[in-house]
Amino acid sequence: RGVQAHRLCPPRGAGSSLDPEERSMEPPAVAEEEEEEEEAAVPLSVAPGPVGCQLFGYVGIEAVLDQMKIKTMKTGFEFNIMVVGQSGLGKSTMVNTLFKSKVSRKSSQPGQEERIPKTVQLQSITHVIEEKGVKMKLTVTDTPGFGDQINNENCWDPIIKYINEQYERYLREEILITRKRKIPDTRVHGCVYFVPPTGHWLRPLDLEFMRRLSKIVNVVPVIAKADTLTLEERAEFKQRVRTGPQGAPAVPHVPPKPRLKPCVPQIQEDLKTHAISVYPQEDFDQDPEDRALNNRIREKIPFAVVGADQEHQVNGKRVLGRKTKWGIIEVENPAHCEFPLLRDLLIRSHLQDLKDITHNVHYESYRVRRLNESNRPG
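Definitions and cut-offs
- Residues numbered from 1 in each chain as written.
- Predicted model: local features only at pLDDT ≥ 70, side-chain atom pairs only at ≥ 80, totals over all residues.
- Heavy atoms only, no water.
- UniProt positions renumbered as here; feature names shortened; annotations may be inferred.
- Salt bridge = Lys/Arg side-chain N within 4 Å of Asp/Glu carboxyl O.
- Helix = DSSP H or I, 4+ residues; strand = E, 2+ residues; numbered from the N terminus.
- Buried < 20%, exposed > 50% of the residue type's maximum accessible area, 1.4 Å probe, protein only.
- Pairing = 2+ DSSP bridges.

Where an unreviewed UniProt entry is consulted, the chain appears under the name Septin-7, with the organism given as Vireo altiloquus. Recorded in UniProt for the chain, the comment headed Sequence similarities (unreviewed entry) runs: "Belongs to the TRAFAC class TrmE-Era-EngA-EngB-Septin-like GTPase superfamily. Septin GTPase family."

Written out as structure tokens, the structure reads:
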């Protein structure tokens, strides 16, 4: 028994593993070593970021897209477009071609004699069009009489006033204490400006209008009735330089040598010189994919378009086009005109982006300016 008791209860300081003091000292030493290893593995300067969580089964997060689609199909959405240009450039026909329906001001008033007003008087007409269950409230604003006078000084003022009035109407509804659940949106989301097919250069009126309007609305320039120009004339029209101030002659266009980089179209340089930022703007490109797509679009601006609201038989198919003595100009054929590019830009690829930039950029600038004016003393 004495030997067993001696083995079970060794004297203090004998180095036994059952000593309570030595047991209490070992775990903290191990914890300190683990903390030192963790601190060495993870630098203090690196902040931990969000860690993705892997799902072990189907949750149904992707159904949010279906919910948004169903809600949009029930409520529909709004799109407001403005067409600006001289009379006879085919603005009404182009709008009818874009939406393949009679939505223009001229076609909505059959039997009435259309008279060109002496001054710019804006006229808007609203339609509800539906495609595959999706409803869109489309508002087309026409500007008859723009640029038709001998003296076109300040002919853009009624257009600027109309656009600002729509911003003001939306702002008044937004700042109410009791607001509507859905504020009616009458703001202009896109302005299609029609350039006459002169085949020479942009007029001072064209440059001044786009310079003023590009600051408050998305401007998309197009060359109207491009079928009156040959392919060579169309290419030269996009690259030719506008005449200098006070009627100076145009600077001749010298094509670069083959070994040099291809030149940017001179009309684009002319727009940059006059601080004209047409849609899509380079400053609002979100990611590299959007930038690459918008760069290809900017290379084609202004679009050379042809409008037609009548169908013709071509190779056993019904196509929209203009019939001439030498053949049929197919509107939706990229080899004949650039109308498909304009339609894709306005409807199929950038419609929501047009609305977003209108709300987040142009309307926001107007809202900040108006609120600053109202907060000024006196």
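So, next bit.
Novice: Lay out the pattern of salt bridges in plain terms, naming residues and giving numbers.
Specialist: In the structure shown here, the tally under the stated rule is 15 salt bridges. Two residues, R322 and D227, come together in a salt bridge whose shortest N-O distance is 3.1 Å. Of this pair, R322 sits in strand β8 (residues 317-324) while D227 sits in the loop between β5 (219-223) and α7 (231-239), and the two are 95 residues apart along the sequence. Among the charged side chains, a network of salt bridges with common partners joins E168, R172, R370 and E373.

Novice: Mind laying out the pairing of strand β7 (residues 311-314), listing which residues take part and the relevant values?
Specialist: Residue alternation in β7 divides its side chains into a buried set, H312 and V314, and an unburied set, E311 and Q313. Relative to β8, β7 is paired through four bridges, and the arrangement is antiparallel. Its bridge partner being in β8, Q313 is matched across the sheet by R318. If you look at the hairpin formed by β7 and β8, you'll find two residues sitting between the two strands, and N315 has a positive phi there, around 55°.

Novice: Please give an account of the pairing of strand β4 (residues 190-195) that cites residues and values.
Specialist: Taken residue by residue, a regular strand's side chains alternate between the two faces of the sheet. With respect to burial, β4 is a largely interior element, six of its six residues being buried. Here β4 shows a buried face lined by G190, V192 and F194 and a second buried face lined by C191, Y193 and V195. Looking at chain direction, strand β1 (residues 77-84) and β4 are connected through four bridges and run parallel. Directly across from M82, in β4, lies its bridge partner C191. Bridge analysis of β4 against β5 gives five bridges, and the strand direction is parallel. Paired with V192 across the bridge in β5 is V220.

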